[in-house]
Amino acid sequence: MDIRAPDQKYNPYRIFTREQWAALRNDTPMTLEPGEFSRLRSMHDRLDLKEVEEIYLPLSRLLSIYIDAMQRLYYAQRQFLGIRDRKVPYIIGVAGSVAVGKSTTARVLQAMLTRWSPRPKVDLVTTDGFLYPNAVLEQEGLMQKKGFPESYDLPRLLSFLSDIKSGRSHVRAPVYSHLTYDIVPNEWIELDRPDILIVEGVNVLQTGPLPRDGKAVPVVSDFFDFSVYIDADEPVLREWYVKRFLALRDTAFHDPRSYFHRYALLSDEEATATAIAIWERTNLANLEDNILPTRPRATLILKKGADHVVETVALRRL
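This one's a predicted model, so the numbers in the text were calculated from it and none came from an experiment.

Caption draft 1: Quick peek at the packing of aromatic side chains. With the rule as written, the count across this model stands at 15 aromatic pairs. Seen in terms of ring centroids, Tyr241 and Trp279 are 5.6 Å apart; in terms of plane orientation they differ by 40 degrees. Their pairing is tilted. Of this pair, Tyr241 sits in helix α7 (residues 234-249) while Trp279 sits in helix α8 (residues 268-291); the two residues are 38 residues apart in sequence, bridging distant segments of the chain. Classification of Tyr241 as buried rests on a relative accessible area of 9%. The class of Trp279 is buried, set by a relative accessible area of 0%. Chaining the aromatic ring pairs together yields one cluster made of Tyr176, Tyr181, Tyr241, Phe245, Phe253, Tyr259, Phe260, Tyr263 and Trp279.

Caption draft 2: Quick peek at the pairing of strand β4 (residues 171-177). Along β4, 6 of the 7 residues are buried, which leaves the element largely enclosed by surrounding structure. The turn joining β4 and strand β5 (residues 182-191), which pair antiparallel and follow one another in sequence, is formed by 4 residues; a positive phi near 65 degrees is taken by Tyr181.

Caption draft 3: Spotlight on the packing of α7 against α8. Put simply, α7 and α8 touch, their axes get as near as 9 Å, and they point 130 degrees apart. Of the possible angle classes, the one that applies to α7 and α8 is oblique. The interaxial crossing formed by α7 with α8 has right-handed handedness. Mapping the contact onto sequence places Glu234, Leu237, Arg238, Tyr241, Val242, Phe245, Leu246 and Arg249 in α7 and Asp268, Ala271, Thr272, Thr274, Ala275, Ile276, Ile278, Trp279, Asn283, Leu284 and Leu287 in α8.

Caption draft 4: Just α8, in detail. The end-to-end C-alpha distance of α8 is 29 Å, clearly below the 34 Å that 24 residues give at a rise of 1.5 Å each. Along α8, the sharpest kink reaches roughly 45 degrees, centred on Trp279. Listed as buried for α8 are Ala271, Thr274, Ala275, Ile278, Trp279, Thr282, Asn283, Leu284, Asn286, Leu287, Asn290 and Ile291.

Calculation criteria
- Residues numbered from 1 in each chain as written.
- Predicted model: local features only at pLDDT ≥ 70, side-chain atom pairs only at ≥ 80, totals over all residues.
- Heavy atoms only, no water.
- Phe/Tyr/Trp six-rings, centres within 6.5 Å; stacked < 30°, edge-to-face > 60°.
- Helix = DSSP H or I, 4+ residues; strand = E, 2+ residues; numbered from the N terminus.
- Buried < 20%, exposed > 50% of the residue type's maximum accessible area, 1.4 Å probe, protein only.
- Pairing = 2+ DSSP bridges.
- Axes fitted to C-alpha atoms, helices over the stretch in contact; angles between N-to-C directions.
- Parallel < 35°, antiparallel > 145°, perpendicular 65-115°, else oblique.
- Left-handed = near helix turned anticlockwise from the far one by under 90°.
- Contact = heavy atoms within 4.5 Å.
- Expected span 1.5 Å × (residues − 1).
- Bend = angle between axes of the 7 residues up to and from the residue.

Note that every value here comes from positions in space, so none of it alone points to a role or purpose.
Below, the structure is given as C-alpha cells:
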C-alpha cells in the first residue's frame, strides 16, 4: 500500500504487514469475550478472535500511548498557563466508504477502550444523526446525494463537537433510523463529559474551502486527536454493498416501516441490479469525489482484502 502521490518520494506513513502489526500487541490483554464478537460485528463484516488479537489489540495499545501522551501534554500546558479547564475528551474519528466496516471498527474500539483501567467513559456517535431530515433533502434536491458532505447539517455537527471538546455536560446528538432511513423526530442521545468519544462517518475527514481572508473555518476533523480510515478496493466495496443489500432484502426490508420496503420482493437479479445502480449513482460517486481523497489525512489506515481481513496497516509518522 503506497499512500503517496505518483511524483512524491517521501511517504508520510510507515507501512506494516499484518504479521508485523500483530507483533506489536506485546502484552496487551484480551478483554473481549468470544460471545461479544457477533454483537459488535456489522452485517457481512468479519470479526473473530484472530482479527481482534492481530489488529485491534495492537491498535488498542497504540491508542493508549497516544492518549497518555496527550493527557500529559494537556496537564503540562494547563500548569504552564495557570488555568483550570474542564475535562477535555480524547476524540477518535473513524472514516471510510459505505459497506467497508466502519461501524464494526468503531464498536470494537469502544468495547476495548471501555475496559481500560481505570474504566474510562467511552461514547460513540455516528454522523448519520446529523444528516438533514429527508423532507429537507427532498426540498433541496439532495436525496440522491444522501451521505455527500452537502447532505449534513454541518453547523449542528460542528456545534456538537465544540460543546463536547469544551467539556460541557449533557450534550445532545440527534438519532438516525436505518429502518426509516431518516432522522427520528424529538429523539436524542445525551453525552455527559466522556473521557473518549468515537465519531464514525463516511465524510468525517472532509476539509472545506480555504478562506481568502484568513478567518478560521472549522471542519469536523479539527476536533479529532486520532483518526482511522478503513480502506478497501472499489470492486471489493461494491461486492460487499451488493451482498449487504441482498441480505437486507431478506430481512429488514420486509418491515412495512422500512424506507426500502418496496425492494423486499425483488428477485436476486432485480435486487442485484438495483444495488449496483444505487452504488454507482450515489456511493461510488461519493467515494471517488469526497471520501477517498480524505484517506491521506488519517492517522492510521487499515487496508482490507476481499475476505474482510485487514492485510496492511499504515501509521502516519510523527
